[in-house]
Amino acid sequence: MTSARPGPERGPREAGALPGAAAAPPDGRGAPPVVSVVIPCHDYARYLPQAVASVLAQTYADWELVVVDDGSRDDTAAVARSLIADHPGRRIRLLEQANAGVSAARNAGIAATTGRYVLPLDADDVLAPTMLEQTVAVLERRPDIAIVSTDVSVFTDDGLPAQVLALPAYDRDLLLRRLIMFYCSLYRREVWQTVGGYAEDMRAGEDWDFWIACAEHGFTAHHIHEALFGARNKDDGLHVEAAENDLAVRARIVAGHPGMFKPVTRAWAQAVLAEDERDCPTDERECPADERVPDDILTRAADMDQFLRVVMRLQRTARLQHRHIRRLEAALAEREIPVPV
């Protein structure tokens, strides 16, 4: 494993770095919108209409939407332009950039918006109709709260019933041990400005890193115990990469926020980032990258990594079985003898 820099590089791109970026409302409507929804999209043109439709269906209407085409090789830009043309009365824009990753795309999109609240949304996910209404209400009445998260409805493309993933109430110490907030949470713009944006050198775990940076700067969150966000579960994507590299992601987070963790945790993280596993001593008790270091973010890290692998295998098996059952049902239906009239 190669050595990493002391911490994640942060800092949003300058708004002027992208075509169409502006510090004032670009559509001439005067007051900026309350909410800025930012959808990074890389080769997910097939999912983009559903994500945009979920924003259009919001019961809270004071929003703007920016789609960031992150160097897609498919027809993402064309699909986005078609959606914009189909809804001329809505504040929807397209930004295009060379492929730089989800963090850079989010930062670029947020830098080009003006809403006082920000909601990131991936192109393959969706919002429940009252997502903005309920989360905005919390920030409006609670000036002490900077972030609002919700439970999640996990769905697939195979017609299987969606499953609700209930998450715990926000707890700073628990956040250091495991991810308790999904990336799609509404937060105040000053949160992003103060933190310095998403770490653009992290391919996975950038949302967890961002939330820990928020806690590091004293921001707190409120959790709504209702599934207002829909996450598409696939066999690929960054969430799978994060699960399969759980310990490495944790080490990057610790290295990026050393003040949040104890010395033994920081030492472990630096060892993981600086040494290849084959250089680890045979006696695992002497190994600085030992997954069982009982401290902070490492608590049950190895168990969680194994659990996620098992869950993903079970999910793949369930989808394969579901497809097989549907094929059998179709074959049986074709063999049925029509009943004479």
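Structure's up top.
Just so we're clear, the structure is a prediction, and the values are computed from it rather than from any experiment.

How each quantity is defined
- Residues numbered from 1 in each chain as written.
- Predicted model: local features only at pLDDT ≥ 70, side-chain atom pairs only at ≥ 80, totals over all residues.
- Heavy atoms only, no water.
- Phe/Tyr/Trp six-rings, centres within 6.5 Å; stacked < 30°, edge-to-face > 60°.
- Helix = DSSP H or I, 4+ residues; strand = E, 2+ residues; numbered from the N terminus.
- Buried < 20%, exposed > 50% of the residue type's maximum accessible area, 1.4 Å probe, protein only.
- Core = buried A, V, L, I, M, F, W, Y, C linked by side-chain atoms within 4.5 Å.
- Contact = heavy atoms within 4.5 Å.
- Arc of directions from axis to C-beta.
- Salt bridge = Lys/Arg side-chain N within 4 Å of Asp/Glu carboxyl O.
- Axes fitted to C-alpha atoms, helices over the stretch in contact; angles between N-to-C directions.
- Parallel < 35°, antiparallel > 145°, perpendicular 65-115°, else oblique.
- Left-handed = near helix turned anticlockwise from the far one by under 90°.
- Nonpolar A, V, L, I, M, F, W, Y, C, P; charged D, E, K, R; others polar.
- Pairing = 2+ DSSP bridges.
- Right-handed = clockwise from strand over helix to strand, strands pointing away.

### Focus on the packing of aromatic side chains
- Per the counting criterion, the structure on display carries seven aromatic pairs.
- Seen in terms of ring centroids, tyrosine 183 and phenylalanine 229 are 5.4 Å apart; in terms of plane orientation they differ by 90 degrees. Their pairing is edge-to-face. Pair noted here: tyrosine 183 is in the loop between α5 (172-177) and β8 (186-188) and phenylalanine 229 is in strand β9 (residues 221-232), with a separation of 46 residues, a long-range link.
- Residue class for tyrosine 183 comes out buried when judged on its relative accessible area of 6%.
- A relative accessible area of 1% means that phenylalanine 229 is categorised as buried.
- Each ring, one from tyrosine 187 and one from tryptophan 211, has its centre 6.0 Å from the other, and the planes form 85 degrees; the classification is edge-to-face. Of this pair, tyrosine 187 sits in strand β8 while tryptophan 211 sits in helix α7 (residues 206-216), and the two are 24 residues apart along the sequence. The two residues tyrosine 187 and tryptophan 211 agree in class, both being buried.
- Clustering of aromatic rings is evident, with ring pairs tying together Tyr187, Tyr198, Phe210 and Trp211.

### Description of the nonpolar core
- In terms of nonpolar packing, the biggest core is built from 46 residues, with Ile147, Leu175, Tyr187, Phe210, Trp211, Ile212 and Cys214 touching the most fellow members.
- When residues of this core are traced back to their parent elements, those giving at least two are β2 (63-70), α3 (102-111), α5, α6 (189-195), α7, α9 (246-256) and α10 (263-274).
- Looking at which element gives the most residues to this core, the answer is α7, with seven residues.
- When near neighbours in sequence (up to four residues on either side) are disregarded, isoleucine 212 contacts Leu175, Leu176, Ile253, His257, Met260 and Phe261.
- Ranked by size, the runner-up nonpolar core spans 45 residues in total, among them Ala51, Val79, Ile92 and Leu94.

### Concerning helix α4 (residues 131-141)
- Of the positions making up α4, those classed as buried are Met131, Leu132, Thr135, Val136, Val138 and Leu139. Down the axis of α4, the smallest arc covering the buried residues is 155 degrees, so these residues share one side.

### Quick look at the pattern of salt bridges
- Applying the stated criterion to the full structure yields 11 salt bridges.
- Ionic pairing is found between aspartate 144 and arginine 142, a salt bridge with its closest N-O pair at 2.8 Å.
- Overall, the relative accessible area of 46% leaves aspartate 144 in the partly exposed class.
- Measuring nitrogen to oxygen at the nearest pair gives 2.3 Å for the salt bridge that ties aspartate 157 to arginine 232. One end of the pair, aspartate 157, is in the loop between β6 (147-155) and β7 (163-165); the other, arginine 232, is in strand β9, with 75 residues separating them in the sequence.
- For aspartate 157, a relative accessible area of 46% corresponds to the partly exposed category.

### With respect to the packing of helix α1 (residues 48-56) against helix α2 (residues 76-86)
- Packing of α1 against α2 leaves a shortest axis separation of 10 Å and a crossing angle of 30 degrees. With respect to α2, the element α1 is oriented roughly parallel. Pair α1 / α2 crosses with right-handed handedness. For the pair α1 and α2, the contacting residues are Leu48, Pro49 and Val52 in the first and Thr76, Val79, Ala80 and Leu83 in the second.
- Class assignment for the residues of the contact of α1 with α2 results in six nonpolar, one polar and no charged.

### What to know about α3
- Burial analysis of α3 places 10 of its 10 residues in the buried class, the great majority of the element.
- Among all positions in α3, only Val102, Ser103, Ala104, Ala105, Arg106, Asn107, Ala108, Gly109, Ile110 and Ala111 are buried.

### Concerning the pairing of strand β3 (residues 92-97)
- By the criterion of burial, β3 is predominantly enclosed, with five of the six residues buried.
- In this sheet, β3 lies alongside β2 in parallel orientation, the contact comprising six bridges. Across the sheet, residue valine 66 finds its bridge partner in β3, namely arginine 93.
- Tracing the backbone out of β2, into α2 and back to the parallel element β3 gives a crossover that is right-handed.

### Some remarks on the pairing of β2
- β2 sits mainly inside the fold: eight of its eight residues count as buried.
- In β2, alternate side chains face the same way, and those of Trp63, Leu65, Val67 and Asp69 on one face and Glu64, Val66, Val68 and Asp70 on the other are all buried.
- One crossover worth recording links strand β1 (residues 35-41) to the parallel β2 by way of α1, and it is right-handed.

### Topic: the environment of valine 67
- In this fold, valine 67 is placed in strand β2.
- Distance from valine 67 to glycine 109, taken between C-alpha atoms, is 7.3 Å for residues 42 residues apart in sequence.
- Apart from the residues lying within four places of it in its own chain, the contact partners of valine 67 are Ile39, Cys41, Leu48, Ala80, Arg93, Leu94 and Leu95.

### What to know about the environment of aspartate 62
- Relative to the assigned elements, aspartate 62 resides in the loop between α1 and β2.
- Sequence separation of aspartate 62 and leucine 132 is 70 residues, and the distance between their C-alpha atoms is 9.3 Å.
- For aspartate 62, the contacting residues outside a window of four places in its chain are Pro33, Val34, Val35 and Arg91.

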